[in-house]
Amino acid sequence: MCRTDRVPTAGILWLALVVIMFVARSIAADHKDLIHDVSYDFHGRRMATCSSDQSVKVWDRSENGEWHCTASWKTHSGSVWRVTWAHPEFGQVLASCSFDRTAAVWEEIVGESNDKQRGLSHWIKRTTLVDSRTSVTDVKFAPKHMGLMLTTCSADGVVRIYEAPDVMNLSQWSLQHEISCKLSCSCISWNPSSSRAHPPMFAVGSDDSNVTYGGKVQIYEYNENTRKYAKAETLMTVTDAVHDIAFAPNLGRSFHVLAIATKDVRIFKLVPMRSDRKESTSTGPTKLEVQIVAQFDNHNSQVWRVSWNITSTLLASSGDDGCVRLWKANYMDNWKCTGILKGDGSPLTSSSGQPTAMSTIVGSSVQTSQNALNGMSAGR
Amino acid sequence: MEELDVEPAITNIPAASDGKHLGFAWGPGDILAYETLYMAPGCSFIHEVRKDEDIYSPILRKLFNESHHIFVGLQTIREDLPSKNKKTQFVSISKNYRSVIRACMEELQQVLQKWPRNMEIRYVSILLAIELIWNLCEVLFIDAAPAGPLLLHLLDWVRLHKGDVDEKAREVLQSESPAEHHDYWDVPGGTQTLTEFDVKWRHWHEEVDRCLQDNSFASNQHLEIICKILVGDEDTLLEHKELLSTWYHFLVTRLLFCHPTVKPTELHYYAQSCMTMFLDLRSVPEPLDSILLAAFEFDIHQVIKDCSIALNNWWFVAHLTDLLDHCKLLQSHNLHFGSNLREFLLLEYASGLFTHHSLWQLAVDYFDNCPEFGHVYLELQIERVPLDTERKALKVLRICEQRQMSEQVRSICKIMAMRALRNNRLGSALSWSIRAKDAAFATLISERFLQDYCARGTFSDLDLIDNLGPAMLLSDRLTFLVKYREFHKLYEENRFSEAAKLLLSLITAKIAPRSFWMTLLTDALPLLEQKEVSHSAHCPYLLLYHLTCLVYGFIVFCYGSSCKVDQLLTSLIKESVCRFAGLGPEGLGTPKV
């Protein structure tokens with residue numbers, strides 16, 4: 001059941017448009033084990049995949065839309081959990097994290113001409129971050145306006161923030177912050193807002209399954225005066241294990257929106273409250289008012305991933321029910337599920353897709369309208 | 001108002017069996033790539049799932065392009081025009097939109113004649129529906145004809161969409177009694193008032209009715225039927241349903257024969273009853289029927305809402321709503337996000353365009369005309385446009401520069417500069433970093449140029465460096481690079497005294513990197529040998545003086561210094577050179593090391 005904090009005005013309850021999708025293309029990934037993460041680069045022309053087979057593959061998209069694997073290499077000595085791209089302003093840079101307790105930074109080297117002809121490229125390791133004592137569960141680059149900064153979180157409950165002071169030298173990274181979250185961490189998300197009104201902020205989720213410890217999501221905010229990150233808020237209502245979190249792109253709003261993948265899908269609104277204290281004497285983080293915007297239990301099981309599209313108008317979630325669901329807010333801010341992607345158990349017959357059977361109410365009704373327009377008397 | 005509960009669409013993905021996890025990632029423009037979790041080695045698949053996008057249709061592309069043109073024109077209609085003039089313009093714009101839709105339909109039909117199994121066939125019904133609805137909206141809302149002309153417009157509307165079916169009907173209706181028809185089509189608004197027409201019509205109606213009652217036409221059954229139709233006898237009309245394929249055709253026919261002076265506010269009553277009578281076999285009306293009914297009820301918001309759901313196409317609702325908004329027909333519901341309905345729909349439509357490799361440029365104008373969120377949507381989406389070629393990057397840049405989106409400009413230039421640097425295209429990297437106003441990066445690239453020169457003895461990208469103009473001032477290193485190259489040029493052209501002067505200024509301005517001091521010294525030596533230089537007044541001595549200071553500085557740099565040594569050496573140099581040149585100590589200025 002979804003709830004909304006807005007009272008709809010009389011007369012117009014608007015529905016979001018139904019999203020119809022089709023499988024355009026299926027790519028044989030060729031990993032020898034489970035794929036844990038897929039990540040598009042900033043422009044959507046390249047893709048990185050990582051797997052329990054300890055390798056990362058990079059794929060390039062050609063003009064006709066076909067994906068080609070241009071690099072495949074062993075990155076860690078354990079399952080690779082996540083892979084992520086840096087902003088293209090920093091060049092072609094990837095970061096990966098693994099069960100082997102390390103995170104690594106990789107840079108693409110422009111190769112020899114024969115490599116280019118064969119469509120191959122080389123990635124070399126620039127650094128290995130070995131500070132963690134346990135499996136590193138997530139790795140994310142901070143928003144680019146903060147410079148080249150990398151964040152990791154581990155099963156030992158520590159979030160580490162590294163910085164490369166010279167962006168032309170990716171082998172030098174310094175550990176700037178080490179934050180102990182007390183609970184085993186599973187995911188991080190940076191608030192993408194680059195507005196001066198909002199200091200840098202990130203959220204950490206914990207997959208600790210003990211329900212008696214409240215607050216499996218913590219929000220940290222950077223303080224200009226202390227030059228440190230301090231905890232701004234703990235979401236006490238989230239008591240179950242959290243598997244993924246994602247801040248929505250900001251769009252010039254004064255508040256923040258955070259999606260959480262836990263035993264259900266939840267969307268929170270975090271509203272910064274104006275403090276009476278002057279900026280210069282403030283040593284604490286901004287007070288945040290937490291409101292729940294929506295809660296969906298349609299997956300009826302654990303939710304593993306949540307992610308926003310570029311304009312934060314669509315949220316996608318995937319769960320133990322084997323489905324990916326798409327959520328959209330209408331223009332009255334009521335959230336509704338507008339699409340489901342579901343594994344149907346059928347084997348793959350062709351390698352490329354055609355817009356095939358899409359059973360929706362739209363297709364059938366428009367078809368009969370056409371019959372009406374053409375004056376066919378069938379059924380009338 | 002009741003809310004239609006719409007079930008979400010289910011898309012089936014092959015090769016992932018039930019119960020397994022599906023991972024996913026958002027791509028640009030709502031393209032998801034997601035993986036299956038598959039236990040057997042080496043067979044995992046990634047499926048690229050895409051929204052069923054109309055933007056990929058080559059036929060609709062023309063629709064998008066031409067409607068964009070109309071849209072932009074509409075936004076420029078001045079607010080201060082008198083409303084009568086505005087209304088004419090709005091009607092004309094509405095007709096323009098419709099003609100674009102019709103042109104698209106015709107083209108589509110031509111394509112389908114050649115390739116009947118083309119996927120584009122699904123657009124036929126959509127476009128037909130759109131034009132039908134739009135036309136009705138134009139008649140009822142935009143043109144807003146009063147009673148009298150209203151029916152004429154409705155007749156046109158039905159006729160336009162009935163095509164040859166109507167032809168047949170008209171033939172039947174007209175063939176038997178031309179006289180009545182001749183009088184009948186002498187319509188109001190021309191030479192007579194509504195009341196005059198109404199009186200005449202009623203008189204005629206009563207006469208025909210009386211004839212029917214008298215059984216005057218009993219001998220000719222055909223004629224009797226026709227007369228019954230002419231007086232709008234419902235049962236007779238319904239018996240000839242096949243001529244009237246739709247309930248709205250039935251409606252207009254009935255109005256024509258029973259209530260030709262119908263008022264707009266009375267329409268919905270007749271519409272509802274006609275629909276009920278016509279659709280006796282069907283319990284639930286089709287979406288198209290509900291939309292048309294809502295239009296007859298003048299419930300604009302319901303029309304828009306139902307169209308959004310039924311047509312899965314933002315194009316139509318976005319443009320229609322925008323036009324209706326300009327006609328001031330929409331109540332605005334202000335929201336904290338999405339501003340109002342018009343803006344919400346335009347933002348959705350334009351966002352969809354952004355994923356297309358060329359249509360994204362149209363989207364920019366739509367965002368420009370969304371005052372609340374257009375700018376921030378544009379910022380977010382334009383920086384994701386892939387910069388495949390320099391030409392495309394320049395296009396994107398121009399758009400950003402025109403809108404003072406300085407951060408996006410800087411970012412795009414930086415991305416291009418970085419890409420060029422990685423591929424060792426120093427000239428390109430330099431021009432991009434100048435455009436980005438990135439002094440640090442310009443410094444870095446200038447140093448690479450200088451390193452290159454040291455290694456190979458020549459400069460690359462001379463065209464660029466020679467023509468930078470004031471841009472060279474972006475960073476000290478860049479300025480030095482340009483000036484140093486200029487020095488070499490002067491030397492090659494045998495303009496030695498100018499070269500010497502330039503070299504001198506380079507040394508004294510302190511912008512040369514330390515690594516270059518030896519090079520500068522080496523460059524200076526042959527100069528001193530040139531007759532031109534050695535014979536000009538103070539130049540060689542000044543040059544010598546400053547070179548000596550340079551050497552001194554170099555020694556200090558290599559070996560360190562002490563204050564005493566410093567002072568001693570400085571005064572020694574000053575004295576000796578002054579004596580040599582016959583100058584007083586002030587004439588040399590302060591040594592710059």
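All values derive from a computational prediction rather than experimental measurement. (Residues numbered from 1 in each chain as written. Chains lettered and ligands numbered in written order. Predicted model: local features only at pLDDT ≥ 70, side-chain atom pairs only at ≥ 80, totals over all residues. Heavy atoms only, no water.)

**What about the sheet that holds strand 25 (residues 335–343) of chain A?**
Backbone hydrogen bonds hold the strands of a sheet together, and the pairing may be parallel or antiparallel.
No. 1: Taken together, the five strands give an open sheet; going across it, the order is 22(A)-23(A)-24(A)-25(A)-1(B), and neighbouring strands pair in mixed fashion. Of all strands in the sheet, those bounded by a partner on one side alone are strand 22 (303–308) of chain A together with strand 1 (9–13) of chain B. Neighbour-to-neighbour, the strand axes of this sheet turn through a mean angle of 20°, independent of strand direction.
No. 2: Relative to strand 24 (residues 323–329) of chain A, strand 23 (residues 314–319) of chain A runs antiparallel, the two being bridged by five bridges. Within strand 24 of chain A, the residue paired with Ala316 of chain A across the bridge is Leu326 of chain A. (Pairing = 2+ DSSP bridges. Helix = DSSP H or I, 4+ residues; strand = E, 2+ residues; numbered from the N terminus. Axes fitted to C-alpha atoms, helices over the stretch in contact; angles between N-to-C directions.)

**Some details on helix 17 (residues 374–382) of chain B**
No. 1: Taken across its nine residues, helix 17 of chain B has seven buried, putting it largely inside the fold.
No. 2: Buried within helix 17 of chain B we find Gly374, Val376, Tyr377, Leu378, Leu380, Gln381 and Ile382 of chain B. (Buried < 20%, exposed > 50% of the residue type's maximum accessible area, 1.4 Å probe, protein only.)

**Some words on the packing of aromatic side chains**
No. 1: Per the stated rule, a full pass over the model turns up 34 aromatic pairs over all chains.
No. 2: Measuring from centroid to centroid gives 6.1 Å for Trp134 of chain B and Trp315 of chain B, while their planes differ by 40°, and the two rings are tilted. Within this pair, whereas Trp134 of chain B is found in helix 3 (residues 122–142), its partner Trp315 of chain B is found in helix 14 (residues 314–326), the two being separated by 181 residues in sequence. Summarising the burial analysis for this pair, Trp134 of chain B and Trp315 of chain B share the class buried.
No. 3: Arranged with centres 6.4 Å apart and planes meeting at 85°, the rings of Trp314 of chain B and Phe344 of chain B form a pair that is edge-to-face. Here Trp314 of chain B, found in helix 14, pairs with Phe344 of chain B, found in helix 15 (residues 341–353); they are 30 residues apart in sequence, far enough to count as distant. Of the two residues examined, Trp314 of chain B and Phe344 of chain B, each falls in the buried class.
No. 4: Following the ring pairs from residue to residue traces out a cluster consisting of Tyr453, Phe459, Phe480, Tyr484, Phe487 and Tyr491 of chain B.
No. 5: Here the basic side chain of Lys269 of chain A rests over the ring of Phe255 of chain A, its NZ or CZ set 4.5 Å away from the ring centre. (Phe/Tyr/Trp six-rings, centres within 6.5 Å; stacked < 30°, edge-to-face > 60°. Lys NZ or Arg CZ within 6 Å of the ring centre and 35° of its normal.)

**Here we look at the side chain of Ser39 of chain A**
No. 1: Tracing the sequence through the fold places Ser39 of chain A in strand 2 (residues 35–40).
No. 2: Residue Ser39 of chain A is classed as buried on the basis of its relative accessible area, which comes to 12%.

**Notes on the environment of Val80 of chain A**
Residue and element names in this part refer to chain A.
No. 1: On the secondary structure map, Val80 appears in strand 6 (residues 80–85).
No. 2: For Val80, a relative accessible area of 0% puts it in the buried group.
No. 3: Taking C-alpha positions, Val80 is 9.8 Å from Asp138, a pair spaced 58 residues apart along the chain.
No. 4: Ignoring anything within four residues of it in the chain, the contact list for Val80 reads His36, Cys50, Ser51, Gln54, Ser55, Val56, Thr75, Ser96, Cys97 and Ser98. (Contact = heavy atoms within 4.5 Å.)

**Structural notes on the UniProt feature "repeat: WD" (unreviewed entry) in chain A**
All names here are of chain A.
No. 1: UniProt's feature table lists "repeat: WD" (unreviewed entry) at residues 28–60 and 296–328, given in the numbering used throughout.
No. 2: As annotated, residues 28–60 has a helix share of 0% and a strand share of 58%, and its two end C-alpha atoms lie 14 Å apart.
No. 3: Helix makes up 0% of residues 296–328 and strand makes up 58%, while its end C-alpha atoms are separated by 12 Å. (UniProt positions renumbered as here; feature names shortened; annotations may be inferred.)

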